[in-house]
Amino acid sequence: MILTLASRPLALSVLLYATIGLSAAFLAYIFLLGLQLFRYATRRQEKDREISRAGASQTILDLVETMRGKNRELFGRPHDRLQMKREGLTLAAAYFPAEEKDEKGKKQGCAVVVHGWRDSHVARSASALDYLAGGYSVLMPVLRGHGESQGRRIDLGCQHYRDLFAWMDQIRQREDAPDYFILDGLSMGASTVLMASGDPGLPPDVLAVLADCGYSSLLEEGRWITRGMGKLTRKPAFAVTLFLFWLVMGYRLHDATPLGQVARASCPIFIIHGKEDNFVPTVMGEELFAAASSPMKELWLVEGAGHAMSEWEAGALYWQRKEDFLEKVWDSRKL
């Protein structure tokens, strides 16, 4: 059918309004997608996550039971529930005093064991038990936006890592105060302690930093997580997410990153990463190690380990490698 002169303006108007409507719908979709990504990353964790048993392999079910057993063993021991006020928020932690004096003549140390994203301090019970068996006391902070600690959103380890310094200040006031600290983080907790490693305010009594499967920067981790999105939607949705991080969380592109902080660090750093990590890619661990300016540093890539699974994949060797590194650090201080 040939359009008449009178009908052409109407057709153009319909086409124009349809284009505007489709564009508006697309922009709304992109905004909602970016908003969903932002919420996914920062929504606070109210309580311990329960791993679904539906479709889980026997290996995973056995691991869950092992973790629960470690939790019961750890929290069945004498410990203190701690709180502190910081920037108007109440933060929580658990402190386990050392149960044995070191027989090697070392001073008494405290391991600050930091949990991961949307997780809980109890998830690190196995590592805490290893430190206690090694003669250390253990401090397990509950990061902002998780469980017993207040905070509307999770900061992903980049903004409030100095909370660890405040916790150490509190531990120094105790009668059983340690002589030095070890910072040990997993996943987001690893990025948190790596942020601390290059801070000018890092306390001089921090002996070493141990980081398992930490990301190099929030920006690069976001790009990795969104890599599977459609080409048309990925970049604009990610731009919306970054805008919300700027607007709501106060992030800036020039903010410090774990990668930048390790380049300023002088304390010994031990980086661990699973070779099969598909959540925080192994290359990030390699980049962190390469960038670290510490005169004493070590990288261990764990065969067959996925994200945050090196401890379970390596078994007893996991603690042995940590202990060996700390022995080297301690011996170097004697020279």
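See the structure above.
First, a word on scope: everything that follows refers to the structure included in this document. Counting restarts for each chain: residues are numbered from 1 in the order of the written sequence. The predicted origin of the model limits local features to residues at a pLDDT of at least 70 and limits the giving and counting of side-chain atom pairs to 80 or more, whereas totals for whole chains, interfaces and linings rest on all residues. As a rule here, side-chain values cover all heavy atoms of the structure and leave hydrogens and water aside.

A closer look at the pairing of strand 1 (residues 80-86)
Strand pairing is defined by DSSP finding a minimum of two bridges between the two strands. Every helix listed is a DSSP run of H or I at least four residues long, and every strand listed is a run of E at least two residues long, numbered separately from the N terminus. Sheet topology note: the strand 1/strand 2 (residues 89-96) ladder contains seven bridges and is antiparallel. From the neighbouring strand, K85 faces strand 2, where its bridge partner is T90. Hairpin remark: strand 1 followed by strand 2, antiparallel, with two residues in the connecting loop; positive phi at E87, about 55 degrees.

A word on a nonpolar patch on the surface
Taken together, F26, L27, Y29 and L232 make up a surface patch of nonpolar side chains, about 440 Å² in accessible area. Counting residues per element, the nonpolar patch draws most heavily on helix 1 (residues 7-42), which supplies three residues. Exposure above 30% relative accessible area and the absence of a salt bridge qualify a residue for a patch, where like charges join within 9 Å and nonpolar side chains (Val, Leu, Ile, Met, Phe, Trp, Tyr) within 5 Å. Under the convention used here, a 1.4 Å probe and the Shrake-Rupley method define accessible areas, while residue burial counts only the protein chains that appear. Whenever a carboxyl oxygen of Asp or Glu lies within 4 Å of a side-chain nitrogen of Lys or Arg, that contact is scored as a salt bridge.

What to know about helix 4 (residues 163-172)
Across the ten residues that make up helix 4, a large majority, seven, are buried. For every residue, the accessible area obtained with a 1.4 Å probe (protein chains only) is divided by the maximum for its type, and the residue is called buried under 20%, exposed over 50%, and partly exposed between those limits. Considered for burial, the residues of helix 4 that qualify are D163, L164, F165, A166, W167, M168 and I171.

A word on the sheet that holds strand 2
Spatially, 1-2-4-3-5-6-7-8 is the arrangement adopted by the eight strands of the open sheet, whose pairing is mixed. Two strands lie at the open edges of the sheet, namely strand 1 and strand 8 (297-302), each paired on one side alone. For this sheet, the mean inter-axis angle between neighbouring strands, taken without regard to orientation, is 20 degrees. When strand 7 (residues 269-274) meets strand 8, the two strands line up parallel, connected through six bridges. Simply put, an axis is a line fit to the C-alpha atoms, just over the touching stretch for a helix, and the angle between two N-to-C directions goes from 0 to 180 degrees.

Points about unusual backbone geometry
A positive phi angle, near 60 degrees, is found at S187, a position not held by glycine. The residue S187 is located in the loop between strand 5 (180-186) and helix 5 (188-197) in this model. Judged by its relative accessible area of 11%, S187 falls in the buried class. Of note in this structure, C213 is not a glycine but carries a positive phi near 60 degrees. Mapping C213 onto the fold places it in the loop between strand 6 (206-212) and helix 6 (218-225).

Read these as layout, nothing more, since geometry by itself doesn't imply function.
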